[in-house]
Amino acid sequence: MITEGDGVETGSGEAEFQEAKSLQEQGRVREAERLFRVAAEAGHVGAMLKLGILVVERDEGEAERWWRAAADAGDRVGQFNLGILCSDQGRDEEAESWYRRAAEAGEVDARHNLGLLLIRRRDVRGAAEQFRIAAEAGHADSITNLGLALGEVGRAEESEEWLRRAAEKGDGRALSALANHLYSQGRREEADEWWEKGAAAGDPDSLFNLGVRCEHKDDMAGAEEYFRRAGQAGHPRGEARATAVARGVRANGAPYMPGLF
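A brief look at the structure comes next.

Definitions and cut-offs
Residues numbered from 1 in each chain as written. Predicted model: local features only at pLDDT ≥ 70, side-chain atom pairs only at ≥ 80, totals over all residues. Heavy atoms only, no water. Helix = DSSP H or I, 4+ residues; strand = E, 2+ residues; numbered from the N terminus. Rg over C-alpha atoms; globule rule 2.2 N^0.38 Å. Buried < 20%, exposed > 50% of the residue type's maximum accessible area, 1.4 Å probe, protein only. Lys, Arg positive; Asp, Glu negative; His and termini not counted. Charge placed at Lys NZ, Arg CZ, Asp CG, Glu CD. Axes fitted to C-alpha atoms, helices over the stretch in contact; angles between N-to-C directions. Parallel < 35°, antiparallel > 145°, perpendicular 65-115°, else oblique. Left-handed = near helix turned anticlockwise from the far one by under 90°. Contact = heavy atoms within 4.5 Å. Nonpolar A, V, L, I, M, F, W, Y, C, P; charged D, E, K, R; others polar. Core = buried A, V, L, I, M, F, W, Y, C linked by side-chain atoms within 4.5 Å. Phe/Tyr/Trp six-rings, centres within 6.5 Å; stacked < 30°, edge-to-face > 60°. Lys NZ or Arg CZ within 6 Å of the ring centre and 35° of its normal. Expected span 1.5 Å × (residues − 1).

### Focus on the overall build of the protein chain
So, step 1. A tally of regular secondary structure across the protein chain gives 15 helices and 0 strands.
So, step 2. Taking 261 residues into account, the globule formula puts the C-alpha radius of gyration at 18 Å, and the protein chain, at 24 Å, lies well above it.
So, step 3. Taking the principal axes of the C-alpha coordinates as reference, the protein chain spans close to 70 × 40 × 30 Å.
So, step 4. Of all 261 residues assigned to the protein chain, the portion counted as buried reaches 46%.
So, step 5. Distance between charge centroids for the protein chain: 3 Å, based on 35 positive and 49 negative side chains.

Pasting the structure below:
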């Protein structure tokens, strides 16, 4: 997510910057943009950040110029925003460079985004290193992602520790991921407990997996209900699976085979 920074600064352009913020709060965006531009042209970094946010949807090139100016002045939010913009445009090498600079300057969200970028490259170990730094700083999504990454590289005990930490905070993805981990270890009753917590939190994967578990227990009515709820919660296969359970055949006419995740 593009961020504005705290905008705390004094010096050239400060008066225009403060007036522009006041105008923006009043909904007078066009007037605010004009004054942010005056302040930015005077070298005010906070104004550069604000101006980039105001123009990015209509002119990414201009937003990039202002964020680059802020980044070159050493502002970590400008560096982070540039990373997001480059990533959205498919310029992953540039995105990585900006994320690293922002992360080294202390921007925790940049650590997390860098981890996501490395995951896309299948550099799971590198991603785990970044997620760990962010997780230890309290970044909620990084706690879950660290648990998942550690599981992928075979560090099951550490994976469970981090997933459990995230699940206990109520993270829906972590609730489902922890249950999946426990199930893979043969701890099925524990897995069911965490899927039930995930279902209560509205997690679509937890709802879907509980549907499968109902099939394992020959509770087809319960399975249909869970699959339908999973579909309503956004699971891409939930509604089709519920219909297949009810009819006994898949959409392509093949016999329905229950019990498959």
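### Examining unusual backbone geometry
What you tend to see is this: most non-glycine residues have negative phi, and most peptide bonds are trans.
So, step 1. Here Arg-122, not a glycine, exhibits a phi torsion of approximately 70°, which is positive.
So, step 2. Here Arg-122 shows up in the loop between helix H7 (108-120) and helix H8 (124-136).
So, step 3. Judged by its relative accessible area of 55%, Arg-122 is exposed.

### What to know about the packing of helix H9 (residues 140-152) against helix H10 (residues 156-168)
So, step 1. Where H9 contacts H10, the axes come no closer than 8 Å and their chain directions differ by 160°. One element, H9, and the other, H10, form an angle in the roughly antiparallel class. When the axes of H9 and H10 are compared, the crossing they make is left-handed. Note on element contacts: H10 touches H9 through Glu-158, Ser-159, Trp-162, Leu-163, Arg-165 and Ala-166, opposite Ile-143, Thr-144, Leu-146, Gly-147, Leu-148, Leu-150 and Gly-151.
So, step 2. In the contact of H9 with H10, the residues fall into 7 nonpolar, 4 polar and 2 charged.

### Considering the nonpolar core
Soluble globular proteins: nonpolar side chains tend toward being buried together.
So, step 1. Membership of the largest hydrophobic core comes to 72 residues, with the highest contact counts inside it found for Phe-36, Trp-67, Tyr-99, Leu-146, Trp-194 and Phe-227.
So, step 2. Of all the elements, helix H11 (residues 172-184) adds the most residues to this core, at 7 residues.
So, step 3. With sequence-adjacent residues up to four places away left out, Leu-146 is seen in contact with Ala-128, Phe-131, Arg-132, Ala-135 and Trp-162.

### Structural notes on the packing of aromatic side chains
So, step 1. Overall, the coordinates contain 6 aromatic pairs when judged by the stated rule.
So, step 2. Seen in terms of ring centroids, Tyr-183 and Phe-261 are 5.2 Å apart; in terms of plane orientation they differ by 70°. Their pairing is edge-to-face. With a gap of 78 residues between them, Tyr-183 in helix H11 and Phe-261 in the segment after helix H15 (238-247) connect regions that are remote in the sequence.
So, step 3. The class for Tyr-183 is buried, based on a relative accessible area of 16%.
So, step 4. Look at Trp-195 and Phe-261: their rings are 5.9 Å apart centre to centre, the planes differ by 40°, and that puts the pair in the tilted class. On the criterion of sequence distance, the pair formed by Trp-195 in helix H12 (residues 188-200) and Phe-261 in the segment after H15 is long-range, its members being 66 residues apart.
So, step 5. The exposure class assigned to Phe-261 is partly exposed, which follows from its relative accessible area of 40%.
So, step 6. Lying over the aromatic face of Trp-162, Arg-165 brings its terminal NZ or CZ to 4.0 Å of the ring centre.
So, step 7. The ring of Trp-194 has Lys-197 sitting right over it, with the charged end atom 3.9 Å from the ring centre.

### Description of H11
So, step 1. Over its 13 residues, H11 extends 19 Å from the first C-alpha to the last, a length consistent with the 18 Å expected when each residue adds 1.5 Å.
So, step 2. Three or more residues of H11 are buried, namely Ala-174, Leu-175, Ser-176, Ala-177, Leu-178, Ala-179, His-181, Leu-182 and Tyr-183.
So, step 3. Where H11 terminates, the next one or two residues include Gly-186, which has phi positive at roughly 80°.

### Remarks on the environment of Glu-93
So, step 1. With respect to the secondary-structure elements, Glu-93 resides in helix H6 (residues 92-104).
So, step 2. For Glu-93, a relative accessible area of 70% puts it in the exposed group.
So, step 3. Along the primary structure Glu-93 and His-112 are separated by 19 residues, whereas in three dimensions their C-alpha atoms are 16 Å apart.

### Description of the packing of H10 against H11
Between two packed helices, both the angle of their axes relative to each other and the distance between the axes serve to describe the pair.
So, step 1. Running from N to C, H10 and H11 cross one another at 145°; their axes reach a closest spacing of 8 Å. As H10 runs across H11, the sense of the crossing is left-handed. Here Ala-156, Ser-159, Glu-160, Leu-163, Arg-164, Ala-166 and Ala-167 of H10 lie close against H11, whose contacting residues are Ala-174, Leu-175, Ala-177, Leu-178, His-181 and Leu-182.
So, step 2. Partitioning the contact of H10 with H11 into residue classes produces 9 nonpolar, 2 polar and 2 charged.

### Let's talk about helix H3 (residues 45-55)
So, step 1. Most of H3 is tucked away: 9 of the 11 residues are buried.
So, step 2. Elements in contact with the buried residues of H3: helix H1 (14-25), helix H2 (29-41), helix H4 (60-72) and helix H5 (76-88).

Interpretation note: all reported values are geometric properties and have no functional meaning in isolation.
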